[in-house]
Every structure is written in structure tokens, then in C-alpha cells.
Amino acid sequence: MAPHTTLLDRPRPPSPPPPMDWLTLGDAFEVACLVRCTPPPAANRGPAEPYRPVAEFNRPEAALRLRQLLTRLDVPVEHEVVSGGLRRRYELHRLHVPAEHRATYAELCESGWRRGRRELLGGPVPGASSARAAWRCRLAAAAWRSALLAGGRHVRRHILGVRLTDRELAAVLVRGAALLEVPALLRPGAGCFVVSVADGPDRRKIMDRAALAPSRPLA
């Protein structure tokens, strides 16, 4: 006779991760935004993978910011600088998450993006605390900071804009600008989306809210 199977014998589904506090959410959401700003590295193109363990930036400030955030989230990262070009030299900053930490990294990005996006795109919650309202503005500023650091700059005399290939991130930027009391426009570009704000007070407000306090570079 086959042994009787009890409920205790059945495999249990993995328990959901604990809810993020606001500080962790802010860092994880900003990491997700930075990664979503970048196209897949040329050497690692393949099936769509929203939070790849390798990210490439052509600006050192974007790479430094990602390193700072991942360090705060206890996710190790390796930073490689590649130089190239002949007449016009350039530097490419490539960041790798070691294999043994990639599951944690992907979960932080996915959870941070999902909840951060929901906070920004959702309407005001009746009875929401002042802390939640303040953090929604911080998430909006984090999204714009990521886009200004890692997105394609689209600057004209009358606008400050960024070029993105990620439609969801573009929508988050438009909603985030509204939370920061700045009107933003979204329009399609050549294979991308352009999100822009007007020059003058609107541009200054976005730049001020997205700015970081000076910090010491990582060794």
C-alpha cells in the first residue's frame, strides 16, 4: 500500500519577500530606473531580460550612482572601464553583478519598480500620511535623476528632455513631473520616446529636485 501523503509532505511555495521600507524602496526603484534607461550591452544581447546583471553607461556619474545604490542594498557589483575610439576617444562603464547575487538583485529591482511605479501612477490615497506623500515626491525625483544621468539627453534652447526606449519609464517621468508640480510632455521620437519640460522655472525645479548632495566617490 502506498504511503498516505499528508499536507506536510507537499512542497510549500516560496514565502513572499518582506515588504520594503521607504528607504529600501527608494534605492531599489532608482536602481530599476537606471537599468531601464540603458539598452542591453552589445556583448549580451539575447532574450528580453528587464533587469540584466550587466549594465553599460557612457557617463561615469551614472555608473557611480548605480554602485552607490547597490552598495547600500548590500548587492556587490564589479565596475569595469573600457576605453575606445581613435580620433574621438570615449569611456564605457560596465557594471556586473556576480552570479551568486543576481537573484537578489533581480528581486530588488522587480519589487522596487513594481511598487514605485504603483505609487507614482496611482491616484492620491484618501487619508494617506504626510510621510507617504513626501516619499512619492522622492520617488518622482529619483526617476528623473536616473533619466538625466543615464537616459539620452535631448536639450534644446526651449526644453530639457530625455530620450528613452522604455515606454513605462517615460510614463513614470510624466507622472513624476506632475507630482513635482512641473508639466511634462511625452512624444514619440525615432525609435524612442522623448519626455521634456520647458526651459526656465520648470527646468530649474526638475534639476533642483533631481540633484544629489555632494558625496565622496567610491574607491
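Anything mentioned here points back to the structure above.
Given the structure is predicted, the values throughout are model-derived calculations rather than measurements. In this convention, every chain numbers its residues from 1, walking through the sequence in written order. For a predicted model such as this one, the threshold for reporting local features is a pLDDT of at least 70, and the threshold for listing and counting side-chain atom pairs is 80 or more; totals across whole chains, interfaces and linings nevertheless cover every residue. With hydrogens and water excluded, all non-hydrogen atoms of the structure serve as input to the side-chain values.

**Overview of the sheet that holds strand β4 (residues 152-156)**
Two strands make a pair as long as DSSP finds a minimum of two bridges between them. Put simply, DSSP H or I for four residues or longer makes a helix, DSSP E for two residues or longer makes a strand, and each gets a number counted from the N terminus. Pairing is antiparallel across the open sheet formed by 4 strands, whose spatial order is β4-β5-β7-β6. For this open sheet the edge positions go to β4 and β6 (185-188), each flanked by a neighbour on one side alone. Between one strand axis and the next, the sheet turns by 25 degrees as a mean value, whatever way the strands run. Two elements, strand β5 (residues 159-164) and strand β7 (residues 193-198), share 6 bridges in a ladder whose sense is antiparallel. Within β7, the position partnered with Leu 164 by the bridge is Phe 193. Across the sheet, helix α5 (residues 167-179) touches β5, β6 and β7, and the angle it forms with β7 is around 15 degrees. For every element, the axis is a line fit to its C-alpha atoms; helices are fit only across the contacting stretch, and the angle between N-to-C directions ranges from 0 to 180 degrees. Pairs of residues are marked as contacts when any of their non-hydrogen atoms sit within 4.5 Å.

**Some details on the side chain of Thr 38**
Residue position: Thr 38 is located in the loop between α1 (22-36) and β1 (54-57). Since its relative accessible area comes to 5%, Thr 38 is described here as buried. In the analysis that follows, any N or O atom pair within 3.5 Å is treated as a polar contact, provided that within protein one partner can donate a hydrogen and the other can accept it, and provided that, for residues neighboring in sequence, both atoms belong to side chains. Engagement of the side chain of Thr 38 in a polar contact is seen with the backbone oxygen of Val 35, the distance being 2.9 Å. Setting aside its immediate chain neighbours within four residues, Thr 38 contacts Arg 52, Glu 56, Phe 57 and Ala 150. Throughout, exposure labels follow a simple rule: accessible area from a 1.4 Å probe, protein chains only, divided by the maximum for the residue type, with under 20% read as buried, over 50% as exposed, and the rest as partly exposed.

**Structural notes on unusual backbone geometry**
The backbone phi angle of Asp 74 is positive, close to 60 degrees, even though this residue is not glycine. Looking at Asp 74, the relative accessible area reads 67%, which means it is exposed. With a phi angle near 65 degrees, Glu 181 is a residue other than glycine that sits in the positive phi range.

**Some remarks on the state of the cysteines**
For this text, the term disulfide refers to a pair of cysteine sulfurs within 2.5 Å. In this structure the tally under the stated criterion is 0 disulfides. Cysteine Cys 37 shares no disulfide, and the gap to the nearest cysteine sulfur, in Cys 33, comes to 6.9 Å. The exposure class of Cys 37 is buried, given its relative accessible area of 9%.

**Digging into the packing of helix α3 (residues 102-121) against α5**
With their axes 9 Å apart at the nearest point, α3 and α5 run at an angle of 45 degrees to one another. It follows from the interaxial angle that α3 and α5 lie oblique. Our pair here, α3 against α5, has a crossing hand that is left-handed. Where α3 approaches α5, its residues Trp 113, Arg 117, Leu 120 and Leu 121 are matched on the opposing element by Glu 168, Leu 169, Ala 171, Val 172, Arg 175 and Leu 179. In this classification, Asp, Glu, Lys and Arg are treated as charged, Ala, Val, Leu, Ile, Met, Phe, Trp, Tyr, Cys and Pro as nonpolar, and every other residue, Gly included, as polar. Residue composition of the contact of α3 with α5, grouped by class: 7 nonpolar, no polar and 3 charged. Any angle between 65 and 115 degrees counts as roughly perpendicular, while under 35 counts as roughly parallel, over 145 as roughly antiparallel, and the rest as oblique. Crossings are classed by handedness, with left-handed meaning an anticlockwise turn of the near helix from the far one by less than a right angle and right-handed meaning a clockwise turn.

**Some details on the pattern of salt bridges**
Put simply, a salt bridge is a Lys or Arg side-chain nitrogen that is within 4 Å of an Asp or Glu carboxyl oxygen. One pass over the full model with this rule turns up 11 salt bridges. Across the pair Glu 168 and Arg 36 runs a salt bridge, and its minimum N-O distance is 3.9 Å. Of the two residues, Glu 168 is situated in helix α5 and Arg 36 in helix α1; the sequence distance between them amounts to 132 residues. We classify Glu 168 as partly exposed; its relative accessible area is 36%. Among the salt bridges present, the one from Glu 56 reaches Arg 94, with a minimum N-O distance of 2.7 Å. A residue pair is termed long-range when its members are at least 10 positions apart, and Glu 56 in strand β1 and Arg 94 in strand β3 (residues 90-96) qualify at 38 residues. Across the pair, exposure class does not vary: Glu 56 and Arg 94 are buried alike. Because the salt bridges share partners, they merge into one network encompassing Arg 36, Arg 117, Asp 166 and Glu 168.

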